[in-house]
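Examination of the molecular architecture
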Amino acid sequence: MSEVANIYRITQPREYQKKFLEAGVRSDGRKLDEFREALIGIGPVSTADGSALVALGETKVICGIKLEVAPPKVDKPRCGYIVPNVDLPPLASSDFRPGPPSELAQVSSQLMLEIVLKSKCVLLEDLCIAEGRMCWVLYCDLICLNYDGNLLDACTMALTAALCNVKLPKAFVNEETGAIEIDFKQKVPLNIRSRPVATTSSVFEKETLYVDPVREELKHASLTVTVVTSNEISGSTVDSDNICVIHKTGGGSIHEEQIQQCISNGRRHTPFVLSLIESALTKSEA
């Protein structure tokens, strides 16, 4: 980048982005419908019960899952718990501040739970050890290591891959004593019923729609839409045509044809992400 172009980018960032988008390209050289390169690593945290590291361009998120046992809720005696927590430390970006969780962190944490539940990735009933007595709790910590936009897509990838890496110790009720016992030497994979995939698109000045927005693009976007497919697993096949969540941020309005384009982007992108997860899982088991 020339010195003049760099000065223009710093002093007039919105106009800088607009010039590129009007030409049908992005400031990083991508086409409007082009996604950044994504990489997934399984099991990078040896002390976790399941973990994954995702790099989506320069956005990097690591997810670690820890298992605990606890009594279930009185009104849901057959259900366990899934507790996602998205952490956005200041080291990841100058946009983040120290202190209590930001609104973005809280919304992202809640959305991760919504995605897991609505996609039926993990059924809370599958976490039951003994009805009304004991269940599994999955604490899912997602930490942003570096932020360059599109946090939700990276978090969803990391959480899905990490859940696929979880193995539950064998838990049973001792018939003689009635006590609940856990055998940490015998483990079984967590029952994953679907693999959700999130695809985010942004709209610039209510007209130009582009996928996988980076940090600078998000600052000037009118709105952002994240489409999540549920991708239910049936035997050895995956049904990747179900939309389970549509999440919109920003106050601007969006046309119906733009919503349909966002859904189309999600369906187009889903097989690619699923193949990345499957490849990473296969490599980790080799």
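Presented here is an overview of the structure given in this document.

Conventions we followed
- Residues numbered from 1 in each chain as written.
- Predicted model: local features only at pLDDT ≥ 70, side-chain atom pairs only at ≥ 80, totals over all residues.
- Heavy atoms only, no water.
- Helix = DSSP H or I, 4+ residues; strand = E, 2+ residues; numbered from the N terminus.
- Buried < 20%, exposed > 50% of the residue type's maximum accessible area, 1.4 Å probe, protein only.
- Contact = heavy atoms within 4.5 Å.
- Areas by Shrake-Rupley, 256 points an atom, 1.4 Å probe, with all protein chains shown as cover.
- Lys, Arg positive; Asp, Glu negative; His and termini not counted.
- Charge placed at Lys NZ, Arg CZ, Asp CG, Glu CD.
- Pairing = 2+ DSSP bridges.
- Axes fitted to C-alpha atoms, helices over the stretch in contact; angles between N-to-C directions.
- Salt bridge = Lys/Arg side-chain N within 4 Å of Asp/Glu carboxyl O.
- Core = buried A, V, L, I, M, F, W, Y, C linked by side-chain atoms within 4.5 Å.
- Expected span 1.5 Å × (residues − 1).
- Bend = angle between axes of the 7 residues up to and from the residue.

What about the overall build of the protein?
- Counting its regular elements, the protein contains 6 helices and 14 strands.
- Counting over 286 residues, the protein shows a buried share of 44%.
- Considering only contacts in the protein between residues 6 or more positions apart, those separated by 24 or more positions represent 67%.
- When the accessible surface of the protein is totalled, it reaches about 14,500 Å², and 52% of it is carbon and sulfur.
- Counting 30 positive and 37 negative side-chain charges, the protein places the centres of these two groups 1 Å from one another.

Some remarks on the sheet that holds strand β14 (residues 243-249)
- An order of β10-β9-β11-β14 is seen for the 4 strands of this open sheet, with the pairing classed as antiparallel. In this open sheet, the two edge strands, each paired with only one partner strand, are β10 (208-211) and β14. Taking the axes of each pair of neighbouring strands and ignoring which way they run, one obtains an average angle of 20° across the sheet.
- In terms of strand pairing, strand β11 (residues 223-229) meets β14 through 6 bridges, oriented antiparallel. Bridge pairing in β14 links V227 to I246.
- With respect to the sheet, helix α3 (residues 103-119) is in contact with β11 and β14, its orientation differing from that of β14 by roughly 160°.
- The strands touched by helix α6 (residues 256-285) within the sheet are β9 (197-204), β10, β11 and β14, with β9 carrying the most contacts at an inclination of about 140°.

Here we look at the pattern of salt bridges
- Tallying each qualifying case throughout the model produces 14 salt bridges.
- A salt bridge links E217 to R26; the nearest nitrogen and oxygen atoms lie 2.7 Å apart. Of this pair, E217 sits in helix α5 (residues 215-219) while R26 sits in the loop between α2 (13-22) and β1 (38-42); the two residues are 191 residues apart in sequence, bridging distant segments of the chain. When sorted by exposure, E217 lands in the same class as R26, which is buried.
- Residue D212 pairs with R36 through a salt bridge whose shortest N-O separation is 2.9 Å. Of this pair, D212 sits in the loop between β10 and α5 while R36 is found in the loop between α2 and β1, placing the two residues 176 residues apart along the sequence. No difference in accessibility class separates D212 from R36, as the two residues are buried.
- Among the ionic contacts, a cluster of salt bridges with common partners joins R26, D28, R30, R36, D148, D212 and E217.

Let's talk about the nonpolar core
- V122, L138, L142, L163 and L190 are the most contacted members of the largest nonpolar core, which totals 57 residues.
- With 11 residues, the single largest contributor to this core is helix α4 (residues 151-164).
- With sequence-adjacent residues up to four places away left out, L142 is seen in contact with V61, I62, C63, N85, V86, D87, M112, C155, A158 and L159.
- Counting 7 residues, the second largest nonpolar core, distinct from the first, contains V203, L223, V227 and C262.

Section: the environment of V116
- Its location among the elements puts V116 in helix α3.
- Residue classification places V116 among the buried positions, given a relative accessible area of 2%.
- Taking the C-alpha atoms as reference, V116 lies 36 Å from R14; in sequence the two are 102 residues apart.
- When sequence neighbours within four positions are dropped, the list of residues in contact with V116 reads I82, C121, V122, L159 and L163.

Focus on α6
- With 30 residues, α6 extends 43 Å between its outermost C-alpha atoms, agreeing within 8% with the 44 Å of an ideal straight helix rising 1.5 Å per residue.
- Along α6, the helix axis deviates most sharply at H269, where the bend reaches about 30°; the proline P271 sits within four residues downstream.
- For α6, the full list of buried residues reads Q258, C262, I263, N265, G266, H269, T270, V273, L274, I277, A280 and L281.

Remarks on the side chain of T156
- Within the element layout of this structure, T156 appears in helix α4.
- With a relative accessible area of 2%, T156 lands in the buried category.
- Among all residues touching T156, those that are not within four sequence positions of it are M112, I115, P196, V197 and A198.

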